[in-house]
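# Remarks on the overall topology
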Amino acid sequence: MQALFKPMRFPREQQTLPNHFYFTDFERHTAEIAAFHLDRLLGFRRAMPVTGRTLNLTTEIYQIADGELLKTFFVSPAGNICFHGKCSYYCDTAHAICGNPDTLEGSFAAFLPDKSFVARKAWRHPWRRSYHKRKKAQWEHDSDYCSLVKEIPPYNEGRRLLDLMDMAVLDFLMGNMDRHHYETFKIFGNNTFPLHLDHGRGFGRPFHDEISILAPILQCCMIRQTTLSTLLKFHNGPVPLSTALRKSMAKDPVAPVLWEPHFTALDRRVRVILQAIRDCVNREDSSQVVHEKADDAGT
């Protein structure tokens, strides 16, 4: 069996540094775990299963590592076992992964089926950020941007545009600004959902709500009826989203997974999304905002 491992870089209560861009922030193993549970609670079920686990770096990595990886191991000045692996960026001594002294938390995500067995297609997200220190993306300064997207396949028909609204809900709730591409299974053509992958840059700023993540919903003024119903259930029902997520993650091997302020942020952000939809309904025909058609189903 194989899994995608993301190691613990810093404590749960450490926030994204205010001068860090979204594309330079370190990834959080806890964000991957929480994103899987959140995706399931929202009824999307488009994220691969993820669990936390505590590793022994000596016995579970160092003793079975190959030569190239083995060369990157060292003992830090604090006496901890560290390694940095081999990759194109952030793989150096200054960005090493260190145990305490050789114990390390991490997230483990189930692998997708091999591409030779189930091929996937990567799509550039229409609301992708510029990934540039000074430039902005077109959607950030074009108020009519959604009209352009609606004319381009596969967003001009079927379910895909509403799938991106779902993705915006998920990303906003966890504060994930790093949604540049997404993938679908080729075998189903355009009649398939986008896979919800790579959430390591979520749950970094619990005291800040990044409204720009909601741009697809704010600019298109549309949402699935099933998604809206789920948000209303958590807002109006006896079990708020924070409580449901806390319960869902309670048995994870590295629980508690999230710093407590993130749970408060979740319930606050549910209210922000619902207010955005309310504003859309006040401006538009409600049937144009809330979509119920069978071919736009969320499953």
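Position numbers for residues start from 1 in each chain and track the written sequence from start to end. For this predicted model, a pLDDT threshold of at least 70 governs which residues receive local features, and a threshold of 80 or more governs which side-chain atom pairs are given and counted, while totals over whole chains, interfaces and linings are taken from all residues. With hydrogens and water set aside, each side-chain value is computed from the structure's full complement of heavy atoms.

## Here's the deal with the state of the cysteines
How we decide: Two cysteine sulfur atoms make up a disulfide if the distance between them is within 2.5 Å. Helix numbering and strand numbering both begin at the N terminus, where a helix is a DSSP run of H or I of at least 4 residues and a strand a DSSP run of E of at least 2.
Summed over the entire model, instances satisfying the criterion amount to four disulfides. One disulfide bridge connects Cys82 with Cys98, the sulfur atoms lying 2.0 Å from each other. Sign of the S-S torsion, about 110° for the bond between Cys82 and Cys98, identifies this disulfide as right-handed. Here Cys82, found in strand β4 (residues 81–83), pairs with Cys98, found in strand β5 (residues 97–98); they are 16 residues apart in sequence, far enough to count as distant.

## Overview of empty space enclosed by the protein
Heads up, the rule is: Put plainly, a pocket is an open set of points on a 1 Å grid over the protein atoms alone with protein on both sides within 12 Å along at least five of seven lines, a cavity is a set where a 1.4 Å probe fits but cannot get out, and a lining residue has an atom within 4 Å of a point. Grid points are joined across faces, edges and corners, and a volume is the space filled by probe spheres set on the points. The classification used treats Ala, Val, Leu, Ile, Met, Phe, Trp, Tyr, Cys and Pro as nonpolar, Asp, Glu, Lys and Arg as charged, and all other residues, Gly among them, as polar.
Applying the stated criterion to the full structure yields two cavities of 30 Å³ or more. Here the largest cavity defines a volume of roughly 150 Å³. Every residue lining the largest cavity is counted, 15 residues in all, and those nearest its centre are His125, Trp127, Asp171, Arg179 and Ile213. Secondary structure elements with two or more residues in the lining of the largest cavity: α5 (160–174) and α6 (215–220). Per element, the largest residue contribution to the lining of the largest cavity is four residues, and it comes from α5. Classifying every residue of the lining of the largest cavity by side-chain character gives nine nonpolar, three polar and three charged. Quantified by volume, the second largest cavity comes out at close to 90 Å³. Every residue lining the second largest cavity is counted, 14 residues in all, and those nearest its centre are Pro11, Arg12, Arg28, Thr30 and Phe203. Its residues assigned to classes, the lining of the second largest cavity comprises six nonpolar, four polar and four charged.

## Structural notes on the layout of surface pockets
The volume enclosed by the largest pocket comes to roughly 950 Å³. Forming the boundary of the largest pocket are 31 residues, of which Phe5, Lys6, Pro7, Arg9 and Ile97 lie nearest the centre. Among the secondary structure elements, those contributing two or more residues to the lining of the largest pocket are β1 (3–7) and β2 (50–56). Classifying every residue of the lining of the largest pocket by side-chain character gives 17 nonpolar, four polar and 10 charged.

## Structural notes on the side chain of Arg28
Test applied: Contacts are assigned to residue pairs with any non-hydrogen atoms lying within 4.5 Å of each other.
Summarising the element assignment, Arg28 is placed in the loop between β1 and α1 (29–41). The residues contacting Arg28, other than those within four sequence positions of it, are Phe10, Gln14, Gln15, Thr16, Gly200, Gly202, Phe203 and Gly204.

## Side note on the UniProt feature "binding site: Mn(2+)" (unreviewed entry) in the chain
Heads up, the rule is: UniProt positions are given in the numbering used here, feature names are shortened, and annotations may be inferred rather than shown by experiment.
UniProt records the feature "binding site: Mn(2+)" (unreviewed entry) at Glu27 and Asp198, using the numbering of this structure. Over a stretch of 172 residues, the named residues converge on one spot in the fold, their C-alpha atoms separated by at most 9.3 Å. Narrowing the list just given to those that line the second largest cavity leaves Glu27. On the secondary structure map, Glu27 appears in the loop between β1 and α1.

## Quick notes on the sheet that holds strand β6 (residues 103–110)
Rules: We treat two strands as partners when DSSP finds at least two bridges between them. Here an angle of 0 to 180 degrees is reported between the N-to-C directions of two axes, which are lines fitted to C-alpha atoms, with helices fitted over the stretch in contact.
Ordered by their spatial adjacency, three strands build an open sheet running β1-β6-β2, and the pairing between neighbours is antiparallel. With partners counted over all chains shown, the strands left at the sheet margins are β1 and β2, one partner each. With strand direction ignored, the average angle separating the axes of adjacent strands in the sheet is 35°. Note: β2 against β6, seven bridges, orientation antiparallel. Each bridged residue has a counterpart across the sheet, and for Arg53 the counterpart in β6 is Gly106.

## Some words on the nonpolar core
Which entries qualify depends on this criterion: The nonpolar core is taken to be a set of buried Ala, Val, Leu, Ile, Met, Phe, Trp, Tyr and Cys residues, with the residues joined through side-chain atoms within 4.5 Å. Think of it in three bands: residues with accessible area under 20% of the maximum for their type are buried, residues over 50% are exposed, and the middle band is partly exposed, with areas taken using a 1.4 Å probe on protein chains only.
One finds Leu38, Trp127 and Leu173 to be the most contacted residues of the largest nonpolar core, which totals 59 residues. Breaking this core down by element, the ones donating at least two residues are α1, α4 (145–149), α5, α6, α7 (225–236), α8 (241–249) and α9 (260–283). Counting residues per element, this core draws most heavily on α5, at 11 residues. Excluding residues within four positions of it along the chain, Trp127 makes contact with Trp139, Tyr145, Cys146, Val149, Leu161, Leu164, Met165, Ala215, Pro216, Gln219 and Cys220. Ranked by size, the runner-up nonpolar core spans nine residues in total, among them Leu57, Phe73, Ile97 and Leu104.

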